[in-house]
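Below are the chains, spelled out letter by letter.
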Amino acid sequence: TFNQPMDIEKTSVAWNFEDSQGDSIDGEITWPSPRTLEFSPGQSLEPGSTYLATLDTQTTSAQGKTLQDPLEFQFETSSPLQVTQVFPSDGSNDISVDAVITVIFNRPVVPLVISEEKSDLVNPLSFDPALPGEGEWVNTSVYAFQPSKPLVTDTRYTVTVEAGLVDAAEDTQLAEDFSWSFSTAQAGIKSFMLSDGRENPKDFTQNILLTETFTINFLQPMNHAGTEKEISLTGANGEEAD
């Protein structure tokens, strides 16, 4: 926008728009008013690229006055949509079975909406093996997925954000699939307790009550039926107690 009406023909010729390699980019020049020049590139600009616009000294007003010095302005287009961080991190091991899977993007993917509309937003994650649960956009660029049941122990999960995911402004999209993997912790015992309060008693502990209750606390939720089949109480004579 200029401070006075311009010579449209001469000023249009004075305009140049080029990419980072110095190659001119064609496009269409229009004049909504005698003071305003608009340029629409004839091709989509490359994401994450630098461009230079120039008005040289042929820029002329309607009264014949010209620019004393060329006007240049440089700008960079927005970078492509990318995944910048994930939790659990790629290649991590011994992940808790109650982990929340989170992905963070470099730019907004969804618009700001009220809570009632969040369920209509895109779910960007897929899982192998399949993982039921519910996800939520914590903000416009952070998505957190909460599994509806504990993850399977000693299992490798692969999470994928598929190519084609578009940002909120519909300017850029994810160029290719983004995948990462993590492994859950093996099943394990956190503690073994006796009803008299002793925790993790040593082998050959004496004076155990005849009515003793044994409590086993696991590191993660267990399959009840399968776990119970693997627990036994055997006497010194080799006989298994009921």
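One structure accompanies this document, and this report is about it. Just so it is clear, the structure is predicted and the values come from calculations on it, not from any experiment. (Residues numbered from 1 in each chain as written. Predicted model: local features only at pLDDT ≥ 70, side-chain atom pairs only at ≥ 80, totals over all residues. Heavy atoms only, no water.)

**Focus on the overall build of the protein**
Our working rule: In this description a helix means any DSSP run of H or I spanning at least four residues, a strand means any run of E spanning at least two, and both kinds are numbered starting from the N terminus. To sort residues, take the accessible area from a 1.4 Å probe on protein chains only and compare it with the maximum for the residue type: under 20% means buried, over 50% means exposed, and anything in between is partly exposed. Note on contacts: a residue pair qualifies if any of its non-hydrogen atoms lie within 4.5 Å across the two residues. Here, Shrake-Rupley sampling with a 1.4 Å probe gives the accessible areas, and only protein chains in the shown set may cover a residue.
Summing up its helical and strand segments, the protein has two helices and 15 strands in all. Counting only C-alpha atoms and orienting by the principal axes, one finds that the protein spans roughly 115 × 40 × 30 Å. The burial tally for the protein puts 31% of its 242 residues in the buried class. Within the protein, residue pairs in contact and separated by at least 24 positions form 57% of the contacts whose partners lie at least 6 positions apart. When the accessible surface of the protein is summed, it comes to about 16000 Å², and 47% of that surface belongs to carbon and sulfur atoms.

**Some details on the sheet that holds strand β10 (residues 133–139)**
For clarity, the cut-off: Pairing between strands is defined by DSSP: at least two bridges between them are needed. Geometry is summarised by axes, namely lines fitted to C-alpha atoms with helices restricted to the contacting stretch, and by angles between N-to-C directions that run from 0 to 180 degrees.
Strand order in this open sheet of four strands is β6-β8-β11-β10, and the pairing throughout is antiparallel. Either end of the sheet is taken by a strand with one partner, and the two such strands are β6 (83–87) and β10. Across the sheet, the axes of successive neighbouring strands diverge by a mean angle of 15°, strand direction being ignored. Here β6 runs beside strand β8 (residues 101–105); their pairing, made up of four bridges, is antiparallel. Bridge pairing in β8 places V83 opposite F105.

**Considerations on the nonpolar core**
The test is simple: Among buried residues, those of type Ala, Val, Leu, Ile, Met, Phe, Trp, Tyr and Cys that are joined through side-chain atoms within 4.5 Å constitute a nonpolar core.
Core analysis: the largest hydrophobic core is formed by 26 residues, its most contacted members being I101, V103, F105, L125, V161, W180 and F182. Elements with a minimum of two residues in this core: β6, β8, β9 (125–128), β11 (142–147), β12 (156–161) and β13 (178–184). Discounting residues that sit within four places of it in the chain, V103 has contacts with V83, Q85, V86, L125, S141, V142, Y143, V161 and W180. In terms of nonpolar packing, the next biggest core, distinct from the first, is built from 11 residues, M6, F17, W31 and Y51 among them.

**Quick word on the sheet that holds strand β1 (residues 15–19)**
Within the open sheet, the three strands sit side by side as β1-β4-β5. Their pairing is antiparallel. Every interior strand has two partners, whereas the edge strands, β1 and β5 (71–76), have only one. When the angles between neighbouring strand axes are averaged without regard to direction, this sheet yields 15°. Note that strand β4 (residues 50–55) and β5 share six bridges and pair antiparallel. Within the sheet, the bridge partner assigned to L55 lies in β5 and is L71.

**Focus: the environment of T205**
Selection criterion: Under the rule applied, a polar contact is a pair of N or O atoms within 3.5 Å (in protein, one hydrogen donor and one hydrogen acceptor; residues adjacent in sequence only if both atoms are side-chain atoms).
Topologically, T205 is positioned in the loop between β14 (189–194) and β15 (214–218). Spatially, the C-alpha atom of T205 lies 41 Å from that of Y157, the residues being 48 residues apart in sequence. Reaching out from T205, the side chain makes a polar contact with the backbone oxygen of K202 at a distance of 2.5 Å.

**Some words on the pattern of salt bridges**
Using the following cut-off: Counted as salt bridges are all cases of a side-chain nitrogen of Lys or Arg within 4 Å of a carboxyl oxygen of Asp or Glu.
Counted according to the given criterion, the structure contains two salt bridges. Note that R107 and D167 form a salt bridge whose closest N and O atoms lie 2.7 Å from each other. Of this pair, R107 sits in the loop between β8 and β9 while D167 is found in the loop between β12 and β13, placing the two residues 60 residues apart along the sequence. Residue R107 is classed as buried on the basis of its relative accessible area of 16%. Between R198 and D196 there is a salt bridge, with its nearest N and O atoms 2.7 Å apart. Given the relative accessible area of 30%, R198 is considered partly exposed.

**Regarding the packing of aromatic side chains**
Put simply, the rule is: Note on aromatic contacts: the rings of Phe and Tyr and the six-membered ring of Trp form a pair at centre separations within 6.5 Å, being stacked when their planes are under 30 degrees apart, edge-to-face when over 60 apart, and tilted otherwise.
Overall, the coordinates contain 14 aromatic pairs when judged by the stated rule. Arranged with centres 5.6 Å apart and planes meeting at 5°, the rings of F17 and Y51 form a pair that is stacked. In this pair, F17 sits in strand β1 while Y51 sits in strand β4, placing the two residues 34 residues apart along the sequence. Y51 shares its class with F17; the two are buried. Taking 4.7 Å as the distance between ring centres and 40° as the angle between the ring planes, the aromatic pair formed by F127 and F145 counts as tilted. Of this pair, F127 sits in strand β9 while F145 sits in strand β11, placing them 18 residues apart in sequence. In this structure F127 comes out as buried when scored by relative accessible area, which is 16%. Since its relative accessible area comes to 4%, F145 is described here as buried. Taken together, W15, F17, F39, Y51, F73 and F75 form an aromatic cluster joined through their ring pairs.

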